[in-house]
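Take a look at the letters that make up each chain.
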Amino acid sequence: MAIEQRDVTFKSGDASAAAWLFLPEQSASGARAPGVAMAHGLGAVKEMYLEPFARRFAEAGIVALLFDYRGFGASGGEPRQRIFPRDQIEDYRSALTWLSLQPEIYADRLGVWGSSFSGGHVLHVAAYDPRVKAVVSQVGAMDVNQTIRSIAGPEQLVLLEQMTVQERIRHVTEGGDVYVPSTGLPGQGFALQSDLDSYTFAHDAQATVAPSWRNEITMSSLEAILEYAPAKSIELIAPRPLLMIVARNDAISPPGILRAAFARAGEPKRLLELEGGHYSVYRGQAADEAGRAATAWFTQHLVPSTPSALTGS
């Protein structure tokens, strides 16, 4: 199937977000299709292995808008490399607005897809934005505070909280932003993610497919990240259909925390568990399974099922 890919931008806040738009073959003949907004996880950019997911959706007759958050990658916005979940959630909602205004797209058949940190964003968006008709959350962030307590223990959480206080004082006395590594090797100083898997994933991507990725994050991001708990709204998603994808050996988004959040969600919902760790869902067999499942979910819940529905809005 011939898929058209366009470079587009849309307004979000006071900046422009850069995106790739993937259009199904039928769009060339003027037929409309459902649309899905999608973005990456913590500090990542759209080039980092998400294009195959977007192309799968387009091959199934679903328009995919894959974007960079403001301040990251090809998008505009200052300060650069700052992770404030509320801003990134606003980018998702701005993406939905842009999709709804395109002549190729059904404004009432929109979905959201997210992975890792954005797997949390889409839970919040689906809970509060009535335009969302289906959601896929892949190895998502549920409650960062709870996750750190589970993985590293309460003592480590206290140290991180003390760092956020120190950054507030520094900002008041000195101003501006300071930056810390987004990923780092264990034992080599503070980084937002100090594990070998995150380091390898990001640096391999930078060296091959994502040269725009930068290994730095504003220190002010830490406080906002520690407070982030999008799964607290998961009960509000129903009756919108929710697919959650779990990696059974995930050390970053622990499966137990995701299963507990999923149990609180209403129907319709599906939990898919895959073999592998956190980053297995981007390449290889687990990525293929995750992509097929997400495509089937969006097809089931967004694509018109009868010829007569194709004439509607």
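Because the structure is predicted, anything quoted here is derived from the model rather than measured.

Per-residue confidence for the protein chain gives a mean pLDDT of 95; residues scoring 70 or more make up 97%. In the model, residues 307–313 has pLDDT below 50 throughout and makes 12 contacts with residues more than four positions away in sequence or in other chains.

All right, on to the layout of surface pockets then. A probe as big as a water molecule, rolled over the atoms, marks out the empty space that is left. Of the voids in this model, the largest pocket is the one considered here, and its volume is about 820 Å³. Lining the largest pocket are 35 residues, and of these Ile148, Ile151, Leu192, Gln193 and Ile252 sit closest to its centre. Those elements that provide at least two residues to the lining of the largest pocket are α4 (144–151), α5 (154–174), α6 (196–208), α7 (221–226) and α8 (255–264). Looking at the lining of the largest pocket, the element that brings in the most residues is α4, giving 4 residues. Residue classes in the lining of the largest pocket are distributed as 20 nonpolar, 11 polar and 4 charged. Of the pockets and cavities examined, the second largest pocket occupies roughly 480 Å³. In terms of lining, the second largest pocket is formed by 21 residues, of which the most central are Phe84, Arg86, Ser220, Glu223 and Ala224. Elements with a minimum of two residues in the lining of the second largest pocket: α2 (85–100), α5 and α7. Broken down by element, the lining of the second largest pocket gets its largest block of residues, 5 residues, from α5. Grouping the constituent residues of the lining of the second largest pocket by class yields 9 nonpolar, 5 polar and 7 charged.

Tallying each qualifying case throughout the model produces 19 salt bridges. Between Arg259 and Glu273 there is a salt bridge, with the nearest N and O atoms lying 2.7 Å from each other. One end of the pair, Arg259, is in helix α8; the other, Glu273, is in strand β10 (residues 269–274), with 14 residues separating them in the sequence. Overall, Glu273 belongs to the partly exposed group, its relative accessible area being 21%. Three or more residues are tied together by salt bridges with common partners; here these are Arg248, Arg259, Glu273 and Glu275.

Here we take up the pairing of strand β1 (residues 4–12). A regular strand places its side chains so that they alternate between the two faces of the sheet. Direction of pairing for β1 relative to strand β2 (residues 15–23): antiparallel, over a ladder of 9 bridges. Looking at β2, one finds that Arg6 is bridged to Leu21. Once β1 ends, the chain turns through 2 residues before running back antiparallel as β2, passing Gly13 with a positive phi of about 65 degrees.

Reading the values: the criteria
- Residues numbered from 1 in each chain as written.
- Predicted model: local features only at pLDDT ≥ 70, side-chain atom pairs only at ≥ 80, totals over all residues.
- Heavy atoms only, no water.
- pLDDT = per-residue confidence, 0-100.
- Contact = heavy atoms within 4.5 Å.
- 1 Å grid on protein atoms, 1.4 Å probe; cavity = no way out; pocket = protein on both sides within 12 Å on 5 of 7 lines; lining within 4 Å.
- Points joined across faces, edges and corners; volume = space filled by probe spheres on them.
- Helix = DSSP H or I, 4+ residues; strand = E, 2+ residues; numbered from the N terminus.
- Nonpolar A, V, L, I, M, F, W, Y, C, P; charged D, E, K, R; others polar.
- Salt bridge = Lys/Arg side-chain N within 4 Å of Asp/Glu carboxyl O.
- Buried < 20%, exposed > 50% of the residue type's maximum accessible area, 1.4 Å probe, protein only.
- Pairing = 2+ DSSP bridges.

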